[in-house]
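Analysis of the macromolecular model
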Amino acid sequence: MIKQIDTLLSEARLAIQEAKTSNVIESIRLEYLGRQGKLTTLLRGVKELPVRERPQVGGAANSARQEIEQLLSDAVDRIEGGEIAIDTTLPGISPETGHLHLVTKAIEEIAAIFKQIGFTRVRHPDIETEWFPFEALNMPADHPARDEWETFFMDAKPSGDYRFMLTPHGTSGTARSLATLPLPVRSINIQKCYRRQSDASHTPVFHQFDGVYAAEGVTFQHLKGVLEFFVKAYFGTEREVRLRPYHFRFTEPSFEVDISCGVCNGKGCRLCKQGWVELGGAGMLHPNVLKAAKLNPKKISGLAFGWGVERTMLMRSGLSIPDIRILYENDMRFLQQF
Ligand code: DAH
């Protein structure tokens, strides 16, 4: 009888080892331990044995039962764990995919448009002395024009006569390009600018793109061509460009660039000024700006323009954002929409 128990046990071990599903495990359990099971039947026979043999056989049968139970429960764990891992019908958990900030997207798009007409993207420093943002742009110390650029000056030790500041406009980059790049200079500087302003239509940090093309023979026609190329590429071919005389210290003549309103197509509506919306500044480089960059204004001329990235982007999107500071509040409910 002990032998029979041993045979049953090794049979059961093998069967359990090979079982691959919980259904098979269940049928093995019935086959050995069920009411009519092989081991159960055998155990029932113990009481037919002579009394002195009973303890030994009973003990062997019981420990076989325990081992089989243990093996079965281990097998259930193994199979269930495995079944979950390979259950290809369960829906996957897809990782959340992010995307670039809408201003970053606009910057990339703007840079790509100017690249098509040979403008190289440059990035000039946010921190400058008074030289590039003011002095080199024909705004000497004490000139009232400086007041328009609500400047953040820094406590850092000045460099010679010049204080350090966070540049308030990308045109400082234009002065830097003129002073540092070889002729012909054809660069587009896109950078952060800083002004002491924070209200519904201003953030203290914002972005501007400033282009400059300086070489022999650059004329006002080139300026118009460049501006029209950009406006038509970014806003659409139906949009018109208008240059309105204005005054900047670093360009002469200077203009404000308007584009025909996308809502009324230039007819005039409540969103625009008689059919036009204002985009930014532009002009032909002032001779003093060329001189500050050690270029000879008798030989070299140049065009320049500079606009806000946020303003340009919002103007195209048609988004009417009541408070543009939301662009930089990192509120996912807003950002996820773009
Ligand atoms: N930097 C000027 C501003 O922030 C705009 C401007 C840029 C005017 C470039 C220009 C120019 O004439 O060439 O208001």
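Residues numbered from 1 in each chain as written. Predicted model: local features only at pLDDT ≥ 70, side-chain atom pairs only at ≥ 80, totals over all residues. Heavy atoms only, no water.

Spelled out, the test is: UniProt positions are given in the numbering used here, feature names are shortened, and annotations may be inferred rather than shown by experiment.
As recorded in an unreviewed UniProt entry, the protein chain goes by the name phenylalanine--tRNA ligase. Taken directly from UniProt, the Catalytic activity (unreviewed entry) text for the protein chain runs: "tRNA(Phe) + L-phenylalanine + ATP = L-phenylalanyl-tRNA(Phe) + AMP + diphosphate + H(+)".

Here we look at the nonpolar core
This is how it is decided: Only buried Ala, Val, Leu, Ile, Met, Phe, Trp, Tyr and Cys residues count toward a nonpolar core, and they belong to the same one when joined by side-chain atoms within 4.5 Å. We call a residue buried when its accessible area falls under 20% of the maximum for its residue type, exposed when it is over 50%, and partly exposed in between, using a 1.4 Å probe and counting protein chains only. Under the scheme used here, helices are H or I runs from DSSP no shorter than 4 residues and strands are E runs no shorter than 2 residues, and both carry numbers assigned from the N terminus. For this analysis, residues touch if any pair of their heavy atoms sits within 4.5 Å.
F114, F209, F230 and F305 are the most contacted members of the largest nonpolar core, which totals 45 residues. Per element, the largest residue contribution to this core is eight residues, and it comes from helix 5 (residues 102-116). Setting aside its immediate chain neighbours within four residues, F305 contacts F114, F119, I188, F209, D210, G211, V226, L227, G281 and A282. Among the nonpolar cores identified, the runner-up in size contains 22 residues, and A136, V212, V289 and L290 belong to it.

Brief notes about the sheet that holds strand 8 (residues 251-260)
Our working definition: When DSSP locates at least two bridges between a pair of strands, those strands are taken to pair. Simply put, an axis is a line fit to the C-alpha atoms, just over the touching stretch for a helix, and the angle between two N-to-C directions goes from 0 to 180 degrees.
Strand order in the open sheet made by the seven strands is 1-5-6-10-9-8-7, with mixed pairing throughout. Only two strands of the sheet have a single partner each, and these edge strands are strand 1 (120-122) and strand 7 (241-248). Taken over all neighbouring pairs, the strand axes of this sheet differ in orientation by 25° on average, direction set aside. Judged from the five bridges that link them, strand 9 (residues 276-285) and strand 10 (residues 300-308) form a sheet pairing that is antiparallel. Its bridge partner being in strand 10, G280 is matched across the sheet by W307.

Description of unusual backbone geometry
Residue P184 is bonded to the preceding L183 through a cis peptide linkage, with omega at -10°. Topologically, P184 is positioned in the loop between helix 6 (171-180) and strand 5 (185-194). A cis amide bond, omega -5°, links E252 with the succeeding residue P253. Relative to the assigned elements, P253 resides in strand 8. Residue N265 is not a glycine yet carries a positive backbone phi of 55°. Mapped onto the elements, N265 comes out in the loop between strand 8 and strand 9. Even without glycine at this site, N330 takes up a positive phi of about 55°.

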